[in-house]
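Each chain is listed here by its residues.
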Amino acid sequence: MLTFILWIILLFLCWPLALLAVVLYPIVWLLMLPFRIIGLTMNGLFAVLFALITLPTRILHGPGPK
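Definitions and cut-offs
- The residue numbers shown here count from 1 along each chain, following its written sequence.
- In keeping with the predicted nature of the model, local features appear solely for residues at pLDDT of at least 70, side-chain atom pairs appear and are counted solely at 80 or more, and the whole-chain, interface and lining totals rest on all residues.
- Side-chain figures throughout are based on the complete set of non-hydrogen atoms in the structure, without hydrogens or water.
- Only DSSP runs of H or I reaching four residues or more are called helices, and only runs of E reaching two or more are called strands; each is numbered from the N terminus.
- Using C-alpha atoms as the atom set, the radius of gyration is obtained and then compared with a globule rule of 2.2 Å times the number of residues to the power 0.38.
- Throughout, exposure labels follow a simple rule: accessible area from a 1.4 Å probe, protein chains only, divided by the maximum for the residue type, with under 20% read as buried, over 50% as exposed, and the rest as partly exposed.
- Note that accessible areas follow from Shrake-Rupley with a 1.4 Å probe, and for residues the cover is restricted to the protein chains shown.
- Only the contacting stretch of a helix is used when fitting its axis, a line to C-alpha atoms as for every element, and angles between N-to-C directions run 0 to 180 degrees.
- For classification purposes, angles smaller than 35 degrees are called roughly parallel, those larger than 145 roughly antiparallel, those between 65 and 115 roughly perpendicular, and all remaining angles oblique.
- Should any heavy atoms of two residues lie within 4.5 Å, those residues are counted as being in contact.

Trainee: Sorry if this is basic, but what is going on with the overall build of the chain here?
Mentor: When helices and strands are tallied, the chain shows two helices and zero strands. Relative to its length of 66 residues, the chain is extended, with a C-alpha radius of gyration of 23 Å against a globular reference of 11 Å. Seen through its principal axes, the chain has C-alpha atoms that stretch 65 × 30 × 10 Å. Residue burial in the chain is summarised as follows: out of 66 residues, 3% are buried. Looking at the chain as shown, the accessible area adds up to about 6,300 Å², and 84% of this sits on carbon and sulfur atoms.

Trainee: What's the story with the packing of helix H1 (residues 2-13) against helix H2 (residues 15-61) in this structure? I'm lost.
Mentor: Two quantities define a packed helix pair, namely the angle between the axes and the distance from one axis to the other. Orientation of H1 relative to H2, taken along the N-to-C sense of each, is 140°, at an axis distance of 5 Å. Classified by the interaxial angle, the pair formed by H1 and H2 is oblique. Contacts between H1 and H2 involve Trp7, Leu10, Leu11 and Leu13 from the first element and Trp15, Leu17, Ala18 and Val22 from the second.

Trainee: Looking at this model, I keep getting lost on the environment of Ile27. Mind explaining?
Mentor: Following the sequence through the fold, Ile27 ends up in helix H2. Once the C-alpha coordinates of Ile27 and Ile9 are considered, the two residues, 18 residues apart in sequence, prove to be 22 Å apart.

Trainee: Please clarify how the environment of Leu11 should be interpreted in this entry.
Mentor: Looking at where Leu11 falls in the secondary structure, it is placed in helix H1. Leu11 sits 27 residues away from Ile38 along the chain, and the two C-alpha atoms are 34 Å apart.

What follows is the structure in structure tokens.
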């Protein structure tokens, strides 16, 4: 909602820039999509590595309190 309000203010102050932003937003979103996918993959990879590294400690610690 805040983004829309800021866009309306930009439209009021400088309508060519606001229209350019509307046109370029999907293009920029598509260009950033591979980086977001790589980021999700790296996050999952680090989670798996953390689980593998801490597995012996969790096994030796035993079950938690019930």
